[in-house]
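Listed below are the residues making up each chain.
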Amino acid sequence: LDMESGVRSDVEGRDSFDVVKALVVCKALEAEGWEDSVACDVEVPPPPLPANVKVSGHPLLAHKLTLMRDQATPAREFRSLLREVTFHVGYEATAGIRTARRSDVVSPGGP
């Protein structure tokens with residue numbers, strides 16, 4: 001764009017940016033329109049996720065992330081939500097861990 005529009009100028013041996021010329025170019029582009037004349041009807045699928053990535057579909061987690069993204073969320077609430085989200089992520093990350101049976105545990109309700 002610079003080479004074609006002449007927005008950059010050589011003033012006293014220094015390369016400089018001419019704001020007035022840039023505004024003229026922007027107005028000309030707005031007059032022409034920014035719309036792409038070739039419509040793309042082909043939907044491109046997202047790239048595959050790496051093998052070590054797990055995407056949670058839990059609605060409560062999605063809700064908390066939405067609240068965290070809201071710019072109106074106060075900092076104190078954001079930190080609280082972040083703490084809760086880390087617990088949820090921890091639960092999901094450890095869901096596949098195998099546990100060992102213990103027979104030495106005595107419960108008040110009986111065996």
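Computed from a prediction, not measured in an experiment: that's the story for all the values here.

Conventions used here
Residues numbered from 1 in each chain as written. Predicted model: local features only at pLDDT ≥ 70, side-chain atom pairs only at ≥ 80, totals over all residues. Heavy atoms only, no water. Patch = residues over 30% accessible without salt bridge, like charges linked within 9 Å, V, L, I, M, F, W, Y side chains within 5 Å. Areas by Shrake-Rupley, 256 points an atom, 1.4 Å probe, with all protein chains shown as cover. Salt bridge = Lys/Arg side-chain N within 4 Å of Asp/Glu carboxyl O. Helix = DSSP H or I, 4+ residues; strand = E, 2+ residues; numbered from the N terminus. Expected span 1.5 Å × (residues − 1). Polar contact = N/O pair within 3.5 Å; in protein donor to acceptor, adjacent residues only side chain to side chain. Buried < 20%, exposed > 50% of the residue type's maximum accessible area, 1.4 Å probe, protein only. Arc of directions from axis to C-beta. Contact = heavy atoms within 4.5 Å. Axes fitted to C-alpha atoms, helices over the stretch in contact; angles between N-to-C directions. Parallel < 35°, antiparallel > 145°, perpendicular 65-115°, else oblique. Left-handed = near helix turned anticlockwise from the far one by under 90°. pLDDT = per-residue confidence, 0-100.

**Looking at a nonpolar patch on the surface**
So, step 1. The grouping of L49, V53 and V55 at the surface amounts to a nonpolar patch, some 280 Å² of accessible area in total.
So, step 2. Relative to the assigned elements, V53 resides in the loop between α2 (19–32) and α3 (59–69).

**Here we look at α2**
So, step 1. A rise of 1.5 Å per residue sets the reference length of α2, with its 14 residues, at 20 Å; its end C-alpha atoms lie 20 Å apart and thus fit the reference within 8%.
So, step 2. Remark: G33 follows α2 within two positions and exhibits a positive phi of approximately 100°.

**Some points on the environment of T66**
So, step 1. Assignment of secondary structure puts T66 in helix α3.
So, step 2. Within the structure, the side chain of T66 is placed 2.9 Å from the backbone oxygen of A62, a separation counted as a polar contact.

**Quick look at the pattern of salt bridges**
So, step 1. Considering all chains together, one arrives at three salt bridges under this definition.
So, step 2. Close ionic contact of E92 with K54 constitutes a salt bridge, the shortest N to O distance being 3.3 Å. A residue pair is termed long-range when its members are at least 10 positions apart, and E92 in helix α4 (residues 75–93) and K54 in the loop between α2 and α3 qualify at 38 residues.
So, step 3. K54 gets classed as exposed once you look at its relative accessible area, which sits at 59%.
So, step 4. Residues D104 and R102 are paired through a salt bridge, measuring 3.1 Å at the closest nitrogen-oxygen approach.

**So, α4**
So, step 1. With 19 residues, α4 extends 26 Å from end C-alpha to end C-alpha; this agrees with the ideal 27 Å at 1.5 Å per step.
So, step 2. All of the buried residues along α4 are L81, V85 and H88. Taken end-on, α4 shows its buried residues confined to a sector of 60°, consistent with a single buried face. Among the exposed residues of α4, those pointing more than 90 degrees away from its buried face are R76, R83 and A93.
So, step 3. Buried residues belonging to α4 abut α3.

**Focus on the packing of α3 against α4**
So, step 1. Relative orientation of the contacting elements α3 and α4 amounts to 150°, with a least axis distance of 10 Å. The angle between α3 and α4 falls in the class roughly antiparallel. As for the relative orientation of α3 and α4, their crossing is left-handed in sense. Contact residues: L60, L61, K64, L65, L67 and M68 in α3; F78, L81, L82, E84, V85 and H88 in α4.

**A look at the side chain of H88**
So, step 1. In this fold, H88 is placed in helix α4.
So, step 2. Taking relative accessible area as the criterion, H88 reaches 19% and is therefore assigned buried.
So, step 3. Those residues within four positions of H88 in sequence are excluded, and the remaining contacts are L60, L61 and K64.

**Comments concerning the confidence of the model for the chain**
So, step 1. Of the residues in the chain, 77% reach a pLDDT of 70 or more, and the chain-wide mean stands at 81.
So, step 2. No element of the chain has a lower mean pLDDT than helix α1 (residues 2–5), at 50, and none a higher one than α3, at 94.

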